[in-house]
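Spelled out, the chains give:
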Amino acid sequence: MTELILQALYSGLLQGGSYALIALGLALVFGAMRVINLAQGELVLLAAYIAYSVESGLGLNPVLAIPIALVVVCLTSAIVYAVVSRIKKDREINSLILTYGIGVILTNGMLLIWKADIRSTSSEWLQEAFVLGPFYSMRSEVLFFGVSLLMMAALWWWLSRSWYGRAVRAVSSNRDAAKLMGINPGYTELVSFIVAGILASFAGVALFSYGVISPAYGGVLTVKAFIITVLAGVGSIPGVLIGAVLLGVAEALTVTLASSALQELAGMGLFLLVLFIMPNGLFGLRARRG
Amino acid sequence: MTNKYQGLRRLALLATMTTALAAGMSSAAADELKVGVEIPLTGSLARVGSGMQEGINVAADVFNKTNGKHKIKLVTIDDESAPAKAIAAVEKLAGEGVLAITGGYGSNNIAPAADAAGKAGLVYVTSGGVDDNLVGSGRKNFFRINNVAGYQKAMVGLLEDMNARSVAIVYSTKEATAALAKDLEKAWGAKGLKVSSHAFDPAISDFKPIINKIKLQDKPEVIAMIGYENDYVGILRAARVLKPAVKAMVGVWSLATPKMAQDFPDLVPNVYGTALLPFPAQFTTADGKLFEETYRRLYKKDPDYLGQFGYVQSMLLFEAIARAADKGTLKKDGVAEEMRKTDRDTLIGRVQFGANGDNLNFTHHMGQHQGDKVAIVWPKAAATNKMNYPAVPW
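Fair warning: this is a prediction, and the values are worked out from it, not measured in the lab.

Definitions and cut-offs
Residues numbered from 1 in each chain as written. Chains lettered and ligands numbered in written order. Predicted model: local features only at pLDDT ≥ 70, side-chain atom pairs only at ≥ 80, totals over all residues. Heavy atoms only, no water. Helix = DSSP H or I, 4+ residues; strand = E, 2+ residues; numbered from the N terminus. Buried < 20%, exposed > 50% of the residue type's maximum accessible area, 1.4 Å probe, protein only. Areas by Shrake-Rupley, 256 points an atom, 1.4 Å probe, with all protein chains shown as cover. Rg over C-alpha atoms; globule rule 2.2 N^0.38 Å. Contact = heavy atoms within 4.5 Å. Lys, Arg positive; Asp, Glu negative; His and termini not counted. Charge placed at Lys NZ, Arg CZ, Asp CG, Glu CD. Core = buried A, V, L, I, M, F, W, Y, C linked by side-chain atoms within 4.5 Å. pLDDT = per-residue confidence, 0-100. Buried area = accessible area lost by both parts, 1.4 Å probe. Salt bridge = Lys/Arg side-chain N within 4 Å of Asp/Glu carboxyl O. Polar contact = N/O pair within 3.5 Å; in protein donor to acceptor, adjacent residues only side chain to side chain. Phe/Tyr/Trp six-rings, centres within 6.5 Å; stacked < 30°, edge-to-face > 60°. Axes fitted to C-alpha atoms, helices over the stretch in contact; angles between N-to-C directions. Parallel < 35°, antiparallel > 145°, perpendicular 65-115°, else oblique. Left-handed = near helix turned anticlockwise from the far one by under 90°. Nonpolar A, V, L, I, M, F, W, Y, C, P; charged D, E, K, R; others polar. Pairing = 2+ DSSP bridges.

Scanning chain B for helices and strands turns up 13 helices and 14 strands. Here the C-alpha coordinates of chain B stretch approximately 105 × 40 × 35 Å along the principal axes. A total of 394 residues make up chain B; the buried ones form 58% of that total. Carbon together with sulfur atoms contributes 54% to the accessible area of chain B, which is approximately 15,600 Å² in total.

Shown next, in the form of C-alpha cells:
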C-alpha cells in the first residue's frame, strides 16, 4: 500500500505541474483584465497541434516546436485580446461569451486542419520510462515538470521585479490609480495576453509529449484551469502551483484509494470544499494585499 | 388579337408545356429514395463517425450502380457527438422527408436520436451502439446489426483459448463500455477466472495510478481494456512505463485497426482488439470484393471495420426501402416490415433481426497487431494467423 500511495503522490505531483502551466495563463489574464479567457484551453491545444505537425511533418522531436508555437500562439492570444478589449467595458458576461465563441472557432479551425483523429507523440525518447527509486513516470513528464517550475519562477520574477510585471499587478489592483501613475492599461493587458500565450505554448507542447490530444479537448483544459485559478485565489502564482498540485494529488489518491471513476468528482469536491472554507481561494487574501 | 400577341401566347404555351414535360420526365427518372444520415463528424466521436460514414457512402454508391430502378440520395447531418444535436438532426431529416435514418454513434446519442426517429415514424438502423437498453426499451422501428453479446462472445472466447486464469478489467464509465465490462465480469467469473475491475472517468488522462494498482495488487495474467482510442493510448502508455507482469493486453472496438497501427506503432504491437477484418483486408465473396473495390476507389485506402459496419447496415436498409417501394408500402410502415423480414449473408455474417430489432446472429472476431498487420486470431475458423501469446507491446 505504501508503494501505491507513494506512486500516487508522485503521479499527482507531476500531473499538478502540467495543470499549473495551463492554469497560469488563465490566472494571469483574469488578474490583469478580469476576463476569464475561455479560449485558453484551445490556445494550449493549438500549441499541442503545432508540436504534432513538427513531429509528423518534419520528423523532429516535438519539443523543438516550442519556438514556432510561441510565435503562432502568442499572435493568436494577441488577436483574442484585440477582440476582447473592444467590448470589455460592457458586462463581464459579454467577454465570457466572446472568449467561448473564439474557443469554438479555434476548435473548428483545428478540426479542419488536423481532423478529428486523436494524436499523441511517437517519440520514444519522450515516452521512455523514467524510474527514480520506487517512482515511475515518463521522461517527458519529469522534463515538463521542471519546465513548469522554471516558468513559474520566471513569471514570479517578471511580476515582482520587472517594470512590465509591476505594471500588470498595478492595473490588476487598481486600474484607475495605475492610469494616474502613467501606466497604459491597454498595453499591460496586451502584454498579459502575450505572456499567457507563452505559457500556453509550453503547456501545449508538454501536453502533446505525454498526453493524447483531439480538437474537442480544449474545453476540458479550460475547466481544469478555471478550477485551479479559483482554488488558488485570483492573482497568486504560488497559489496556482499549490492548487494545481493539490488537484493532481487529490485525483491520483482518489484513483488509488477509492475508484478512478471518482477522479473528477474528487477534483470538484476539493474545489467546493476550499471555496466553502476560504471563499477567496487558498491565497486570495494574500494576493489582494500583495 | 394581333399576330404579335398570338405569337406570344403560343410561345408561353410552348414554354409551359416544355416545363411540364421536363418536370414530368424528371419525376419519372428520379425514383430517388431519400435516406437520412445522422452521424458524428465533429466532436469526440468524429473519428469513428467518419469511418462509418465512409461505409454508408460506399453502400449508396454500390446500390446506385447495381439497382437500376431505384437511386438512393443521402442527406447527411453532423450530430457533433452530442445527444441534443442528434435529436435535432433526426428531426431536421424527418422534416426533409427522408424515408429512414442510418448512422448514429455512441449509445448515449443513439438512444434519443432513435426515439426521435420513432416519433417521426422512421426506421433507424445503426452499428454504433452496443448498450442493451437500445433494444430493450421497446423501440419499434429500431434495428442494430451488432451487439454487446457479440463482443462478449469474442472476448470470452479469446481468453478461453489463452487458458487465462485471471483478468483485470479497466473500463470507461460511459454507458456502453460499463455495460460490456459488467457482462464480461460475470461471464469470466462464471468460467472461474479471477476478475478485478477498475472503472475510470472518461476525462482521465493519467492511467498510471490504475495500472500501478493492477501491477501491485491484482497481478492478473491479462488486462482487458474497455474504452475508446484515447483511453487505449493512455492505458498502453502507462503500462509501458510500469510494465506489469501480464501475458496479454486485450481491448475491444477501435483498437485492432490499421489506423491504430499507423498512428501508434510503438504502443500496439501484440495488442488484441475486436476486428472483423484482417489488415491488409481480404475479401473472398463477390459482395466483399465489390465493397473493397468501391471503398478503394472512393477513399484511396484500405477499408476498415467501421466502414464495413456502415456499409452493411446501410445496404440492408437500402434494400428494404427498395422492396417497400416496389410493393408500394413506403408510406405504410413498409420499410420497417421489410427490415424485419431481412435474412441475408453479409460482410459481417448472417443478419436477421429479432422482435427487438437486434441482430440474432452477431459474433465478433478478435484481431491482434502483428508487425504492421492485424491478424484475425479468434475464432479459429476465421483465423488468418496464430496468436502471439504471451506477448505485450513493451
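To continue, consider the overall build of chain A. A count of helical and extended segments in chain A gives 13 helices and two strands. Computed over the C-alpha atoms, the radius of gyration of chain A is 19 Å, within 12% of the 19 Å expected from 2.2 N^0.38 for a compact globule of 290 residues. If one aligns the C-alpha atoms of chain A with their principal axes, the spans along those axes are about 55 × 45 × 35 Å. Relative to its full complement of 290 residues, chain A shows a buried share of 55%. Contacts spanning at least 24 positions in sequence make up 75% of the contacts within chain A whose residues lie at least 6 apart. Just so you have it, chain A exposes about 12,400 Å², and 70% of that area is on carbon and sulfur atoms. For chain A, the separation between the mean place of its 17 positive charges and that of its 13 negative charges on side chains is 16 Å.

What follows covers the nonpolar core. Leu159(B), Trp188(B), Met249(B) and Val250(B) are the most contacted members of the largest nonpolar core, which totals 111 residues. In this structure Trp188(B) touches Met155(B), Val156(B), Leu159(B), Val167(B), Ile169(B), Leu193(B), Val195(B) and Ala224(B), once residues within four positions along its chain are discounted. Core analysis: the next-biggest nonpolar cluster, separate from the first, contains 69 residues, Leu24(A), Ala27(A), Ala65(A) and Val147(A) among them.

Residue and element names in this part refer to chain A. Residues of chain A with pLDDT of at least 70 account for 96%, and the chain-wide mean is 87. Across chain A, the secondary-structure element scoring lowest on mean pLDDT is helix H13 (residues 284–289), at 51, and the one scoring highest is helix H2 (residues 40–58), at 94. For the stretch residues 286–290, pLDDT sits under 50, and the model shows five contacts to residues farther than four places along the chain or on other chains.

It is worth spelling out the interface of chain A and chain B at this point. The partner chain B presents 35 residues to the 34 residues of chain A that form the contact. Both faces considered, chain A and chain B share a buried interface measuring about 2,900 Å² in area, 57% of it formed by carbon and sulfur atoms. When the buried surface of chain A facing chain B is broken down by residue, Leu4(A), Ile118(A) and Gln127(A) rank first, second and third, together holding 18% of it. Taken together, the links from chain A to chain B amount to two salt bridges. Residue Arg240(B) pairs with Glu124(A) through a salt bridge whose shortest N-O separation is 3.5 Å. Counting the contacts that link chain A with chain B gives twelve residue pairs in polar contact (both at pLDDT 80 or more).

Residue and element names in this part refer to chain B. Here the structure, examined in full by the defined rule, presents 30 salt bridges over all chains. Between Asp 132 and Arg 144 there is a salt bridge, with its nearest N and O atoms 3.6 Å apart. Of this pair, Asp 132 sits in the loop between strand E4 (123–126) and helix H5 (133–136) while Arg 144 is found in strand E5 (residues 142–144), placing the two residues twelve residues apart along the sequence. A residue is classified by how much of its surface remains accessible, and Asp 132, at 37% relative accessible area, is partly exposed. Where Lys 341 meets Glu 338, a salt bridge forms, and the shortest distance between an N and an O atom there is 3.7 Å. If you follow the salt bridges from partner to partner, you end up with Arg 323, Lys 327, Glu 337, Glu 338 and Lys 341 in one network.

What follows covers unusual backbone geometry. Residues and elements named next belong to chain B. With an omega of 0°, the peptide bond running from Trp 378 to Pro 379 counts as cis. Cis geometry marks the peptide bond from Tyr 389 to Pro 390; its omega dihedral reads -5°. Phi is positive for Glu 80, which is not a glycine, with a value near 55°. In the Ramachandran plot, Asn 270 falls in the positive-phi region, its phi being about 70° despite a non-glycine side chain.

Let's shift gears to the packing of aromatic side chains. Taken as a whole and judged by the stated rule, the model has 19 aromatic pairs over all chains. Judged by centre distance (5.8 Å) and plane angle (55°), the rings of Tyr164(A) and Tyr187(A) are tilted. Taken together, the positions of Tyr164(A) in helix H7 (residues 163–173) and Tyr187(A) in helix H9 (residues 185–210) put the pair 23 residues apart, joining distant regions of the chain. With relative accessibility at 36%, the residue Tyr164(A) sits in the partly exposed group. Classification of Tyr187(A) as partly exposed rests on a relative accessible area of 40%. Between the aromatic rings of Tyr295(B) and Tyr299(B), the centroid separation amounts to 5.4 Å while the plane-to-plane angle is 55°, which identifies the pairing as tilted. Within this pair, Tyr295(B) and its partner Tyr299(B) are both found in helix H11 (residues 286–299), separated by four residues, close to a single helical turn. Judged by relative accessible area, which is 0%, Tyr295(B) ranks as buried.

Attention now moves to the side chain of Asp131(B). All names here are of chain B. For Asp 131, the location among the structural elements is in the loop between E4 and H5. The buried charged residue Asp 131 lacks any salt bridge, with Arg 144 as its nearest oppositely charged partner at 6.4 Å. Beyond its immediate stretch of four places on either side in the chain, Asp 131 contacts Ser 107, Arg 144, Glu 175, Ala 176 and Ala 179.

This paragraph deals with the packing of H2(A) against helix H4 (residues 92–114) of chain A. Residue and element names in this part refer to chain A. As a packed pair, H2 and H4 sit with axes 10 Å apart at the nearest point and diverge in direction by 15°. It follows that H2 is roughly parallel to H4 by the angle criterion. Considering how the two elements wind past one another, H2 and H4 form a crossing that is left-handed. Residue-level inspection shows Glu 42, Leu 43, Leu 45, Leu 46, Tyr 49, Ile 50, Tyr 52 and Ser 53 of H2 in contact with H4, the latter providing Gly 103, Leu 106, Thr 107, Met 110 and Trp 114. Taken together, the residues that form the contact of H2 with H4 break down as nine nonpolar, three polar and one charged.

Here we take up the sheet that holds E4(B). All names here are of chain B. The strand order across the open sheet formed by five strands is E2-E1-E3-E4-E5, and the pairing between neighbours is parallel. The open sheet has two free edges, formed respectively by strand E2 (71–78) and E5, since each of these has just one partner strand. Neighbour-to-neighbour, the strand axes of the sheet open up by a mean angle of 25°, direction not taken into account. Where strand E1 (residues 32–39) meets E2, eight bridges bridge the pair, whose relative direction is parallel. What sits directly across from Gly 36, in E2, is Val 75. In the packing of helix H2 (residues 46–66) onto the sheet, the strands contacted are E1, E2, strand E3 (100–103) and E4, and the crossing angle to E2 comes to about 165°. Along the sheet, helix H4 (residues 107–119) contacts E1, E3, E4 and E5; its crossing angle with E4, the most-contacted strand, is approximately 155°.

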